[in-house]
Amino acid sequence: MSDDLDRMSVTVPPSLLAELDEVVDVGEYDSRSEATRDALRAFVTEVKGQTDLSGTLNGTVVVLYEHDHSGVTDEVTELQHEFTDTIIAVHHVHLSDHLCLESLAVDGPGERIEELVSRIRPLKGVHQVKLTVVEADR
C-alpha cells in the first residue's frame, strides 16, 4: 500500500456489500477499495455542494426514509411545520410497505435550506437526502 494513503475500516450490511461487489465484478473498478474511494469522493463533493449556501434559492429536497422507523415520519412532519417559511410544497409517495419518498419544494435563504437538510440527514431511518438547487430569475 502506498505511503500517501490512510486506512479505515467500514462495516456495511451484507446486501450493500453484495451491490458493491457487483459494481466491481462488471469491471467498472479493479477493487472494492477503488470503488469505495470513488464513492467517498462523490459523497464529499455532494455534501460540500449542500453547505455554505447563501442568497435566495429555489430547489427540491428529496428524502428517502423508512416508514415509521423510530418515529422518523413524525420527526419529518415536525420539521416541515418548523420550516413553513421555506417549504412551499410537499409530495409524499409510498414506495413500498416500509419506504417513503418525500419531495420538499423549497424557496428561501440558502442558510435556512441548509439548516433543513442538516436537520433531516441525521434522523434515524433516513436513507438518503438529496438537495437540488435551481437558478430561477424572478
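The rules behind these values
- Each chain has its residues counted from 1, following the order in which its sequence is written.
- Since the coordinates come from a predicted model, pLDDT governs what is reported: local features require at least 70, and pairs of side-chain atoms require 80 or more to be given and counted, while whole-chain, interface and lining totals use all residues.
- Side-chain numbers come from the whole structure's heavy atoms, not from hydrogens or water.
- The way it works is that DSSP assigns letters per residue, a run of H or I at least four long becomes a helix, a run of E at least two long becomes a strand, and they are numbered from the N terminus.
- Think of it in three bands: residues with accessible area under 20% of the maximum for their type are buried, residues over 50% are exposed, and the middle band is partly exposed, with areas taken using a 1.4 Å probe on protein chains only.
- Only buried Ala, Val, Leu, Ile, Met, Phe, Trp, Tyr and Cys residues count toward a nonpolar core, and they belong to the same one when joined by side-chain atoms within 4.5 Å.
- Residues count as neighbours in contact if any of their non-hydrogen atoms are within 4.5 Å of one another.
- The pairing criterion is simple: DSSP has to find at least two bridges between the two strands.
- What makes a salt bridge here is a side-chain nitrogen of Lys or Arg within 4 Å of a carboxyl oxygen of Asp or Glu, nothing more.
- Arc definition: it is the arc formed by the directions from the helix axis to the C-beta atoms.
- The angle between two axes is taken between their N-to-C directions and runs from 0 to 180 degrees, where each axis is a line fitted to C-alpha atoms and a helix contributes only its stretch in contact.
- Charge assignment: positive for Lys and Arg, negative for Asp and Glu; neither His nor the chain ends contribute.
- The definition of a polar contact used here is a pair of N or O atoms within 3.5 Å, where within protein one atom must be able to donate a hydrogen and the other to accept one, and adjacent residues in sequence count solely through side-chain atom pairs.

1. Describing the overall build of the chain
Counting its regular elements, the chain contains four helices and four strands. Helices (α) and strands (β) of the chain occur, in sequence order from the N terminus, as α-α-β-α-β-β-α-β. Counting only C-alpha atoms, the chain reaches 50 × 35 × 25 Å along its principal axes. Burial analysis of the chain (138 residues in total) assigns 27% to the buried set.

2. Comments concerning the nonpolar core
Within the largest apolar cluster, 21 residues are counted, with the highest numbers of intra-cluster contacts made by Val-61, Val-63, Leu-116, Ile-120 and Val-126. Only strand E1 (56–66), helix H3 (72–82), strand E3 (99–109), helix H4 (110–120) and strand E4 (126–134) provide two or more residues apiece to this core. Val-126 has contacts with Val-63, Leu-64, Tyr-65, Val-72, Ile-120 and Arg-121, leaving out every residue within four places of it along the chain.

3. Side note on the pairing of E3
By the bridge criterion, 11 bridges tie E1 to E3 in an arrangement that is antiparallel. Bridge pairing in E3 links Leu-57 to Gly-108. Linking strand E2 (residues 87–94) to E3, which pair antiparallel, is a turn of four residues.

4. Observations concerning the pairing of E1
Strand direction decides the pairing type here: E1 and E4, joined by eight bridges, are antiparallel. The partner of Val-63 across the bridge, within E4, is Val-129.

5. As for the pattern of salt bridges
Under the criterion given, the structure shown has five salt bridges. In this structure, Arg-112 engages Glu-115 in a salt bridge whose closest nitrogen and oxygen atoms are separated by 3.3 Å. On the criterion of helical spacing, the pair formed by Arg-112 and Glu-115 is a turn pair, its members being three residues apart in helix H4. Here Glu-115 ties to Arg-119 by a salt bridge, and the two come within 3.6 Å at their closest N and O atoms.

6. Here's the deal with H4
Those residues of H4 that fall on the buried side of the exposure criterion are Gly-110, Arg-112, Ile-113, Leu-116, Val-117 and Ile-120. For H4, the arc enclosing every buried residue in end-on projection is 165°, short of the 170-degree limit, so these residues lie on one face. Buried residues in H4 make contact with E1, H3, E2, E3 and E4.

7. Focus on the sheet that holds E2
Spatially, E2-E3-E1-E4 is the arrangement adopted by the four strands of the open sheet, whose pairing is antiparallel. Edge positions in the open sheet fall to E2 and E4, since each of these has one partner strand only. Each neighbouring strand pair of the sheet contributes to a mean axis angle of 15°, computed without reference to strand direction. H3 contacts E1, E2, E3 and E4 of the sheet and is inclined by roughly 165° relative to E1. In the packing of H4 onto the sheet, contacts are made with E1, E2, E3 and E4, and the angle to E3 comes to roughly 160°.

8. What to know about the side chain of Glu-102
Turning to its location among the elements, Glu-102 is positioned in strand E3. Buried within the structure, Glu-102 lacks any salt-bridge partner; its nearest side chain of opposite charge belongs to Arg-119, at an N-O separation of 14 Å. There is a polar contact of 2.4 Å between the side chain of Glu-102 and the side chain of Gln-80. If we skip the residues at most four places from it in the chain, Glu-102 touches Val-61, Val-62, Val-63, Tyr-65, Val-76, Gln-80, Val-90, His-91 and His-92.

That is the geometry; function is a separate question.
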